[in-house]
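# Structural overview
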Amino acid sequence: MERVFNFSAGPSMLPEKVLARAAEEMLCYEDSGTSVMEMSHRSPVYEKIIADAEALLRKVMEIPDNYKVLFLQGGASTQFAAVPLNLLNKNGKADYILSGQFSTKAYQEAQKYGDIAVAASSKDANFSFVPKTDKNSFRNDADYVHICFNNTIYGTKFPYIPDTGAIPLVADLSSCILSEPIDVSKFGLIYAGAQKNMSAAGLTVVIVREDLLGNARKDTPAMLDYKLMADNGSMYNTPPCWCIYIAKLVYEWILELGGLKAMQKRNAEKAQILYDYLDSQDYYLAPVEKESRSMMNVTFVTGNAELDKKFASEAAAEGLINLKGHRSVGGMRASIYNAMPKAGVEKLVAFMKKFAKNNPKA
Ligand SMILES: *Cc1c(COP(=O)(O)O)cnc(C)c1O
């Protein structure tokens, strides 16, 4: 069977070049005589893979020297607990901006550990936009402010980086990391599950400013202690070896294409094709406020649940799969991460036109 265009929100498409390279090296990586999956994480050959992966990510994202890069497990969801365990260490207070389901989950998890407040929320508008904030939105004595930068389920993205003054800003970048340049120095900590835009499921990347390390709560599990992980080069225990190797190939692919500026240009072009079409007609409705639109996850509905269902199944039959919206919001969602080619988006728009013509609303 031929490969299809996969619009899944995650795990999602990986660049074909990366998959082909991994296939080539599957049985025997360089002159190791083994697959990457089979080698000791303490072997020199694997130590080079993880060191290269870190160096490449630092280069791609221009990560300043005073930040540590950690390759962890447990998904972004584990960070919902790790962040408060490590950073809720001065006044026991943190402020969260609620802009969707993942930021709400992060907020609920953090409540187990301290005095957690909602600084702003768009819940009453079904998270159809990202709330505005300014310095006064946050408590002066908060230990950190948490945001989810791109809201995978609703298809929104922060059109700005919140100004939190001296308070460290923590951001979940799971569904937009590596999609465009981002000024890491504006953040105290960034985390991202890798299965959206970076690698296979099983790896979570944390980028954390060094001065925030070393003050974890006493009862922090070793596996969630950033300082311990940093001191051990992400090898306190067996790291997700294979996923780190795939991430390395993805970083190389991004650099080959011209880095994050080039990635941004490609992604903006793809998103514009879709949004331009959505704005040009009235069969489909794009529920998200324009200013908050995501470049990675594009949501739309027909306004009729039966038609939405028909859309997703007919699209799948034409090789456009996983377009059904998240179970909590319905409608459709096209996740168009880095690896989705422009041709996939063009084919989707052509299908949308055809479907609208063939299925007039009563
Ligand atoms: C997918 C996703 C998560 C959850 O990630 P897991 O790796 O499944 O824990 C959290 N935050 C965002 C923004 C996501 O897109």
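This text goes with the structure placed above it.
Every chain begins its residue count from 1, and numbering advances along the sequence as written. Totals for whole chains, interfaces and linings use every residue, but because this is a predicted model, local features are given only for residues with pLDDT of at least 70 and side-chain atom pairs only at 80 or more, for both listing and counting. Excluded from the side-chain calculations are hydrogens and water; all other atoms, namely the structure's heavy atoms, are used.

### Describing the site of the ligand
Just so we agree on the cut-off: Only a single heavy atom is needed: when it lies within 4 Å of a molecule or strand, its residue is near that molecule or strand. Nitrogen and oxygen atoms within 3.5 Å of one another constitute a polar contact, given that in protein one can donate a hydrogen and the other can accept it, and given that sequence-neighbouring residues count only through two side-chain atoms. Only the protein chains shown count as cover for residues, and all accessible areas are computed by the Shrake-Rupley method using a 1.4 Å probe. Each helix is a run of H or I in the DSSP string that is no shorter than four residues. Each strand is a run of E no shorter than two, and both are numbered from the N terminus.
The environment of the ligand is formed by 13 residues, the closest being Ser 77, Thr 152, Asp 172, Gln 195 and Lys 196. One of the backbone nitrogen or oxygen atoms of Ala 76 is found 3.1 Å away from an oxygen atom of the ligand. One nitrogen or oxygen atom from the side chain of Asp 172 is found 2.6 Å from a nitrogen atom belonging to the ligand. Isolated, the ligand exposes 390 Å² of accessible area, and the fraction of that covered by the protein chains is 85%. When residues in the shell around the ligand are grouped by element, the largest group, four residues, is from helix α3 (residues 75-87).

### Quick notes on the packing of aromatic side chains
Definition in use: Aromatic pairing here means that ring centres of Phe, Tyr or Trp (its six-membered ring) are within 6.5 Å. Orientation follows from the plane angle: under 30 degrees is stacked, over 60 is edge-to-face, and everything else is tilted. Three labels apply to residues, based on accessible area from a 1.4 Å probe with only protein chains included: buried if under 20% of the type maximum, exposed if over 50%, partly exposed otherwise in between.
Across all of its chains, the model carries 18 aromatic pairs by this definition. Arranged with centres 5.1 Å apart and planes meeting at 50°, the rings of Trp 242 and Tyr 245 form a pair that is tilted. One end of the pair is Trp 242 and the other is Tyr 245, both in helix α6 (residues 241-256) and three residues apart, which spans about a single turn. Given a relative accessible area of 0%, Tyr 245 falls into the buried group. Pairing Phe 311 with Phe 355 gives two aromatic rings, centres 5.2 Å apart and planes at 75°, and the pair type is edge-to-face. Placement of Phe 311 in helix α8 (residues 305-317) and of Phe 355 in helix α9 (residues 342-358) is noted, with a sequence separation of 44 residues between them. You can call Phe 355 buried: its relative accessible area is 2%. Aromatic ring contacts, followed pair by pair, group Tyr 277, Tyr 283, Tyr 284, Phe 300, Phe 311, Phe 351 and Phe 355 into a single cluster.

### Topic: the side chain of Thr 299
Relative to the assigned elements, Thr 299 resides in strand β11 (residues 297-300). Among the polar contacts made by the side chain of Thr 299, one reaches the main-chain carbonyl oxygen of Tyr 154 at a distance of 3.0 Å.

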